[in-house]
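The lines below spell out each chain.
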Amino acid sequence: MRMDQRAADEGRRINIQTDFVRTAAGSCLIETGNTRVICTASVEAGVPPFLKGKGQGWVTAEYAMLPASTGSRKKRDGIKKDGRSVEIQRLIGRSLRQAVDLTKLGEYTITLDCDVLEADGGTRTASITGAMVALTCAVDKMVKEGKIMYSPIVHQVAAVSCGVVDGEPMLDLCYQEDSHAQVDMNLVMNEQGEFIELQGTGEGRAYTAQELQTLIAYGEKGIRALMAAQREALGEKARHIGPKPPLVVASGNEHKLRELQAIFGDYYTVVSMKAAGFHDYIDENADTFAGNAAIKAEAVCEAIGLPALADDSGLAVEALDGEPGVLSARYAGDHGDDGANNALLLRRMKGKTARQCAFKCAIALAIPGQETVVTEGSCPGVLLEEERGTGGFGYDPLFYYPPFEKTYAEMNAEEKNAISHRARACEKMLAYMKTLHGGEEA
């Protein structure tokens, strides 16, 4: 056992807190044992002179140890940094450039600043691991702001230190171990187990091939644990790492985009039509949900040249021959006036005892060079004579679903998503997407 009771192949406790600096495009505080580093990502329009006009971006880094980060005060770096800081920031920069397809970043520069609050060994590797998290957070913000259509991050990157101490190979050295290590090694790897950087130095003595293999095995194990911690800290933002091909959705509704990403994320990265650069008006002039969905999907697909998804949905009441149907959102005249729409529907249904109805949804997928595919879903119910519930929107307070003995407006999100017309249409579309990928998840 080691001085902190860890096994030889056991890494230190790791904690990553995202969005640690609110003013940064992306940030985190990473703690590995007693080493603590603030990593921030700043995004600026433009690139260095040697990249101008090449249609690609740049990722670079700076590194510094704050004065009280070590036992004795470290002087601040001036205009000319010390050689060690320059070496480390170059390592961080070239490591994180391996995570990004710079041609998909556009002409933006992302600067990763790594400032060591407390140093207890492994500051450079902690900086790389934390910078990966900050970079991903910054990309998430760029996508949401429409600066880029989808993530340029093609690899997950993390780093860890190893060494031979008193003749024993060990993972993730603290300062006391590192200060008298006979062999010092740093590993930077991606999620495929490929090496980005492998720095090994025999400081006290030379090392054997067997020791090298042991250190590499320890390092791979440590990096897998670090990558799991990165993804856990990032949560939903982890979807930006190694994204699937883009699927442009004919909508700007952020809630709908998140819902569709959760459903189709195994096969596509869902982006809004605005983020893809589509701002044209689409005339939804069909008399069916399927027709309108296809019109929207095909318009976006033709303009952007990428797969596009669109949906159209509404309420169909049997006693009104299917009204409001495709006019559901503008039944009373103004688009989205829920109160007026509900009031008009109740007036037209006054005195009618047959109140069967259904929410219906059609989803269209248009892929360049292929025939548009449409799937449909329906949820049957009963139209009430007065509103019940405060959740949802549109006709939800009037739509009663007998199996749950609730209106849509009385259901929580989990209940509604389990039986909704959109969920049923999405389920059929998901089954079709699986056939495109040979029945396997991407």
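Before reading on, note that the structure itself is shown above.
Residues numbered from 1 in each chain as written. Predicted model: local features only at pLDDT ≥ 70, side-chain atom pairs only at ≥ 80, totals over all residues. Heavy atoms only, no water.

Section: the pattern of salt bridges
Condition: We count a salt bridge whenever a side-chain nitrogen from Lys or Arg sits within 4 Å of a carboxyl oxygen from Asp or Glu. A run of DSSP states H or I qualifies as a helix once it reaches four residues; a run of E qualifies as a strand once it reaches two. Both are numbered from the N-terminal end. Three exposure classes are used, based on accessible area relative to the maximum for each residue type with a 1.4 Å probe and protein chains only: buried under 20%, partly exposed in between, and exposed over 50%.
If you walk through the whole model with that rule in mind, you get 23 salt bridges. The closest approach of N and O atoms between R2 and E177, which form a salt bridge, is 2.9 Å. Pair noted here: R2 is in the segment before β1 (14-18) and E177 is in helix α4 (residues 175-178), with a separation of 175 residues, a long-range link. Each of the two residues, R2 as well as E177, counts as buried.

Considerations on the environment of K274
Its location among the elements puts K274 in the loop between β11 (269-272) and α7 (289-304). Taking the C-alpha atoms as reference points, K274 and N15, separated by 259 residues in sequence, lie 36 Å from one another.

Quick notes on helix α5 (residues 209-234)
The following threshold applies: Helix span, expected: 1.5 Å multiplied by one less than the number of residues in the helix. Pairs of residues are marked as contacts when any of their non-hydrogen atoms sit within 4.5 Å.
The first and last C-alpha atoms of α5 sit 37 Å apart over 26 residues, in line with the 38 Å expected at 1.5 Å per residue. Every buried residue of α5 is listed here: E211, L215, I216, Y218, G219, G222, I223, L226, M227, A229, Q230 and L234. Against β1, α3 (123-144), β6 (157-165), β7 (168-171), β8 (183-190) and β9 (195-202) lie the buried residues of α5. Just downstream of α5 lies G235, where phi reads positive at about 60°.

Notes on the sheet that holds strand β14 (residues 373-383)
The test is simple: When DSSP finds at least two bridges between two strands, those strands are taken to pair. Geometry is summarised by axes, namely lines fitted to C-alpha atoms with helices restricted to the contacting stretch, and by angles between N-to-C directions that run from 0 to 180 degrees.
Read across the open sheet, the seven strands follow the order β11-β10-β12-β13-β14-β15-β16; overall the sheet is mixed. A single partner strand is all that each edge strand has here, and the edge strands are β11 and β16 (406-407). Here strand β13 (residues 356-366) pairs with β14 via ten bridges, running antiparallel. Bridging across to β14, A358 finds its partner in P380. Along the sheet face, helix α6 (residues 254-264) touches β10 (246-249), β11 and β12 (308-317) and points at about 160° away from the line of β11. Across the sheet, α7 is in contact with β10, β12, β13 and β14; its angle to β12 comes to roughly 165°.

These results come straight from atomic positions and should not be treated as a statement about function.
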